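# A closer look at the structure
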Amino acid sequence: MKKSDYQNMWVYIEHDGRTAAPVGLELCCELRKLCDQTGDRLFAVVLGELPESELDKVKDCGIDGIIRVSGTGYEYFNTDAWAKAFTVLSRKYNPSAIFVGGTIDGRDFAPRFAVQLETGCTSDAMELGWDAETGDIQFIEPAVGGKIMAVITVPALRPQVGTIRPGTFPCAPVGAKQEIERIEERIDFDPEKIRCRHLGFIPDESDPELDIANADCIVCVGNGLKDSEHLERYRTLAKLLGGKLGCTRPLYDRGILPYKLQIGQSGVMVKPKLYISFGVSGAVNHTAGVDADVFVAVGKNPEAQIFNYCDYGIVGDMDEVCDEMIAQIKALRQ
Ligand SMILES: Cc1cc2nc3c(=O)[nH]c(=O)nc-3n(C[C@H](O)[C@H](O)[C@H](O)COP(=O)(O)OP(=O)(O)OC[C@H]3O[C@@H](n4cnc5c(N)ncnc54)[C@H](O)[C@@H]3O)c2cc1C
């Protein structure tokens, strides 16, 4: 088959049987724009049961159609049934591209069906583009330790598979189309052949302090931090500003802060009104995850990349500047 024989783009709608995860909606909204450029039709793919009210939210994102898959094997997420379903569907309908949220589940099954389809899978793109000459999607993401933005394409194979992290694109629904095609498919997977067993479900301990994706103000601590004993002042500053603490990857690697607070390409995407970084050098792997109205950077190296990103830069010792900010805020509030 030629590349041009593959048409339309698909988005996998991840859900827990009750609610559609935001990432599927975000991807539909972003891909609506791309499909308008390429002339492809946009389909949402739903495996297992999901209430109509949730499907309405998906429709609001401007899709042209829904593919609903029922059958055995979809009672709980498992890579075997999910990968098979996408392999079977893709062989039948030949989509040009399939997008999957870069969640724990998505990152598990997307590369598997890509291998079964003998095609390429890219992960963690931060931007999407399209080359009108070749018809290839451009997956744009930081590479070489964050020194360059690489444009990755799947030049010969189809479908083009990509996983995209939650929060990478905004969810801005354009409204439902008047006519939405509905395709019902039955694909059975023998539950006996599922190689993992569902033992139970323990929800994540929900500590609101660790939920920083929608925080209005973030105080981000970087590798310039000497040790965990120096951390408390940054918590204090975050609290005074009504914000939350975040960090760069080295702080998670050093065991100082939990992964949920890591901001960037392989962490959380944040869009605060105010972002203040302390002791952060400005690798694109980190800054690509920050979309702030006002970005303030504090660091001791005036040549650091971070000063090319920020609106306001302060060159100095991070602890001293933080203490001074705390003192000034307290003085203003007296
Ligand atoms: C595939 C991939 C994905 C990645 N994903 C992420 C990600 O999601 N998030 C992320 O953060 N990183 C990520 N990284 C790592 C990233 O490339 C950088 O290594 C990391 O962001 C650097 O963190 P940093 O700026 O805190 O540390 P450093 O680069 O070590 O910078 C520390 C800064 O602090 C300054 N400093 C030191 N002491 C002081 C002081 N006393 N006062 C003031 N300033 C001081 C230094 O001058 C320096 O500028 C990823 C890398 C790869 C390869």
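Just so it is clear, the model here is predicted, and its values are computed rather than measured.

### A few points about the layout of surface pockets
Which parts of space are left empty comes out when a probe the size of a water molecule is rolled across the atoms. Taken as a whole, the second largest pocket encloses approximately 270 Å³ of empty space. Lining of the second largest pocket is provided by 17 residues; of these, Thr248, Arg249, Pro250, Ala283 and His286 occupy positions nearest its centre. Of all the secondary structure elements, the ones that give two or more residues to the lining of the second largest pocket are helix 6 (249-253) and helix 7 (284-287). Along the lines of polarity and charge, the residues of the lining of the second largest pocket split into four nonpolar, 12 polar and one charged.

### Brief notes about unusual backbone geometry
Across the chain, the bulk of peptide bonds are trans and the bulk of non-glycine residues have phi less than zero. In this structure, Pro159 follows Arg158 across a cis peptide bond, with omega equal to -5 degrees. Topologically, Pro159 is positioned in the loop between strand 8 (148-152) and strand 9 (160-164). A positive phi angle, close to 55 degrees, is found at Glu118, a residue other than glycine. Looking at where Glu118 falls in the secondary structure, it is placed in the loop between helix 4 (104-116) and strand 5 (121-123). A residue is classified by how much of its surface remains accessible, and Glu118, at 64% relative accessible area, is exposed.

### Topic: the site of the ligand
If you check the shell around the ligand, you find 25 residues, and the closest are Asn223, Thr248, Ser266, Ser281 and Asn285. Side-chain polar atom of His286 to an oxygen atom of the ligand: 3.3 Å apart, as the coordinates give it. Here Lys300 contributes a backbone N or O atom positioned 3.0 Å from a nitrogen atom of the ligand. When the ligand sits alone it has 990 Å² of accessible area, and the protein chains cover 76% of it. If you map the ligand onto the pockets, it falls in the second largest pocket. In the shell around the ligand, the residues fall into five nonpolar, 17 polar and three charged.

### Quick look at the sheet that holds strand 9
As summarised here, the arrangement of the seven strands in space is 5-9-4-1-2-3-10, forming an open sheet in which the pairing is parallel. The two strands at the open ends of the sheet, each matched to only one other strand, are strand 5 and strand 10 (181-186). Neighbour-to-neighbour, the strand axes of the sheet open up by a mean angle of 20 degrees, direction not taken into account. Where strand 2 (residues 42-47) lies against strand 3 (residues 65-70), five bridges are found, and the strand directions are parallel. When the bridges of strand 3 are listed, Ala44 appears paired with Ile66. Helix 3 (residues 79-93) rests against strand 1 (9-12), strand 2, strand 3, strand 4 (97-101) and strand 10 of the sheet, and its axis sits at about 165 degrees to strand 1. Against the sheet, helix 4 touches strand 1, strand 4, strand 5 and strand 9, its axis set at about 160 degrees to strand 4.

### Focus on the packing of aromatic side chains
Applying the stated criterion across every chain yields a total of 13 aromatic pairs. Ring plane angle 55 degrees and centroid distance 6.0 Å describe the contact between Phe77 and Phe109, whose orientation is recorded as tilted. Of this pair, Phe77 sits in the loop between strand 3 and helix 3 while Phe109 sits in helix 4; the two residues are 32 residues apart in sequence, bridging distant segments of the chain. Relative to Phe109, the ring of Phe86 has its centre 5.5 Å away and its plane inclined at 40 degrees; by these criteria the two rings are tilted. Separated by 23 residues along the polypeptide, Phe86 in helix 3 and Phe109 in helix 4 bring together distant segments of the chain. Judged by its relative accessible area of 0%, Phe109 is buried. The structure contains a cluster of three or more aromatic residues connected by ring pairs, namely Tyr12, Tyr74, Phe77, Trp82, Phe86, Phe109 and Phe113.

### Focus: the domain arrangement of the protein chain
Domains assigned within the protein chain are domain 1 (3-193) and domain 2 (208-333). Here domain 1 and domain 2 have C-alpha centroids that lie 33 Å from each other. Contact with domain 1, which involves 13 residues of that partner, is made by 10 residues of domain 2. Between domain 1 and domain 2, the buried area comes to about 830 Å², and carbon and sulfur atoms account for 60% of it. The largest share of the area that domain 1 buries against domain 2 comes from Met126, Pro142 and Arg165, three residues that together contribute 52% of it. Taken together, the links from domain 1 to domain 2 amount to zero salt bridges. For the pair domain 1 and domain 2, the number of links is one residue pair in polar contact (both at pLDDT 80 or more). If you list the elements that add at least two residues to the side of domain 1 that touches domain 2, you get strand 7 (136-143) and strand 8.

Cut-off values and rules
Residues numbered from 1 in each chain as written. Predicted model: local features only at pLDDT ≥ 70, side-chain atom pairs only at ≥ 80, totals over all residues. Heavy atoms only, no water. 1 Å grid on protein atoms, 1.4 Å probe; cavity = no way out; pocket = protein on both sides within 12 Å on 5 of 7 lines; lining within 4 Å. Points joined across faces, edges and corners; volume = space filled by probe spheres on them. Helix = DSSP H or I, 4+ residues; strand = E, 2+ residues; numbered from the N terminus. Nonpolar A, V, L, I, M, F, W, Y, C, P; charged D, E, K, R; others polar. Buried < 20%, exposed > 50% of the residue type's maximum accessible area, 1.4 Å probe, protein only. Near = heavy atom within 4 Å. Polar contact = N/O pair within 3.5 Å; in protein donor to acceptor, adjacent residues only side chain to side chain. Areas by Shrake-Rupley, 256 points an atom, 1.4 Å probe, with all protein chains shown as cover. Sits in = over half its atoms within 2 Å of the grid points. Pairing = 2+ DSSP bridges. Axes fitted to C-alpha atoms, helices over the stretch in contact; angles between N-to-C directions. Contact = heavy atoms within 4.5 Å. Phe/Tyr/Trp six-rings, centres within 6.5 Å; stacked < 30°, edge-to-face > 60°. Domains from an automatic or database assignment. Buried area = accessible area lost by both parts, 1.4 Å probe. Salt bridge = Lys/Arg side-chain N within 4 Å of Asp/Glu carboxyl O.

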